[in-house]
Amino acid sequence: MALIREVVQQALNTGLLTIEAENQLRQLLMTKYDREDFRAFMALQNAAMSGCVKQESRSLISSQ
């Protein structure tokens, strides 16, 4: 299974958090994770809030 920081890095690189990646993050956040993963997740949240990363799920909702 991937690490949170790997999923985050993919989203930061592409500028898109896919629905699949969101679901994967939900699963990973229910398991034990380390400080690096926590920091990566916080960085993803900041990137999403600032508009650097778009959430595919939000794009689908707003287009309906």
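Model, not experiment: these values are computed from the prediction.

Caption draft 1: Representation of the layout of surface pockets. The computed volume of the largest pocket comes to approximately 170 Å³. Forming the walls of the largest pocket are L17, E22, L25, R26, L29, F41, L44, Q45, A48 and Q55. Within the residue set of the lining of the largest pocket, elements represented by two or more residues are α2 (19-29) and α3 (35-50). When its residues are assigned to classes, the lining of the largest pocket shows six nonpolar, two polar and two charged.

Caption draft 2: Up close: the environment of R35. Turning to its location among the elements, R35 is positioned in helix α3. Measuring from C-alpha to C-alpha, the distance between R35 and I61 comes to 32 Å, with 26 residues separating the pair along the chain.

Caption draft 3: Structural view of the pattern of salt bridges. On inspection of all chains with the given rule, the structure shows four salt bridges. Across the pair D37 and R5 runs a salt bridge whose closest N-O atoms are separated by 3.2 Å. Separated by 32 residues along the polypeptide, D37 in helix α3 and R5 in helix α1 (residues 4-14) bring together distant segments of the chain. We classify R5 as partly exposed; its relative accessible area is 23%. In this structure, a network of salt bridges that share partners links the residues R5, D34, E36 and D37.

Caption draft 4: How the structure looks around the side chain of E22. With respect to the secondary-structure elements, E22 resides in helix α2. If we skip the residues at most four places from it in the chain, E22 touches L17, Q55 and S57.

Caption draft 5: Main features of α2. What α2 keeps buried is the set A21, E22, L25 and L28. One side of α2 holds all its buried residues, which, seen down the axis, span an arc of 125 degrees. Looking at the buried side of α2, the elements it contacts are α1, β1 (16-17), α3, β2 (54-55) and α4 (56-62).

Caption draft 6: View of α3. For α3, which comprises 16 residues, the first-to-last C-alpha distance of 23 Å matches the rise-based estimate of 22 Å (1.5 Å per residue) to within 8%. Residues D37, A40, F41, L44 and A47 constitute the buried set of α3. Buried positions in α3, seen along its axis, are confined to an arc of 120 degrees and lie on one side of it. For α3, the exposed residues set more than 90 degrees away from the buried face come down to R35, R39, M49 and S50. The elements touched by buried residues of α3 are α1, β1 and α2. In the stretch just after α3, G51 is the one whose phi turns positive, near 90 degrees.

Conventions and cut-offs
- Residues numbered from 1 in each chain as written.
- Predicted model: local features only at pLDDT ≥ 70, side-chain atom pairs only at ≥ 80, totals over all residues.
- Heavy atoms only, no water.
- 1 Å grid on protein atoms, 1.4 Å probe; cavity = no way out; pocket = protein on both sides within 12 Å on 5 of 7 lines; lining within 4 Å.
- Points joined across faces, edges and corners; volume = space filled by probe spheres on them.
- Helix = DSSP H or I, 4+ residues; strand = E, 2+ residues; numbered from the N terminus.
- Nonpolar A, V, L, I, M, F, W, Y, C, P; charged D, E, K, R; others polar.
- Salt bridge = Lys/Arg side-chain N within 4 Å of Asp/Glu carboxyl O.
- Buried < 20%, exposed > 50% of the residue type's maximum accessible area, 1.4 Å probe, protein only.
- Contact = heavy atoms within 4.5 Å.
- Arc of directions from axis to C-beta.
- Expected span 1.5 Å × (residues − 1).

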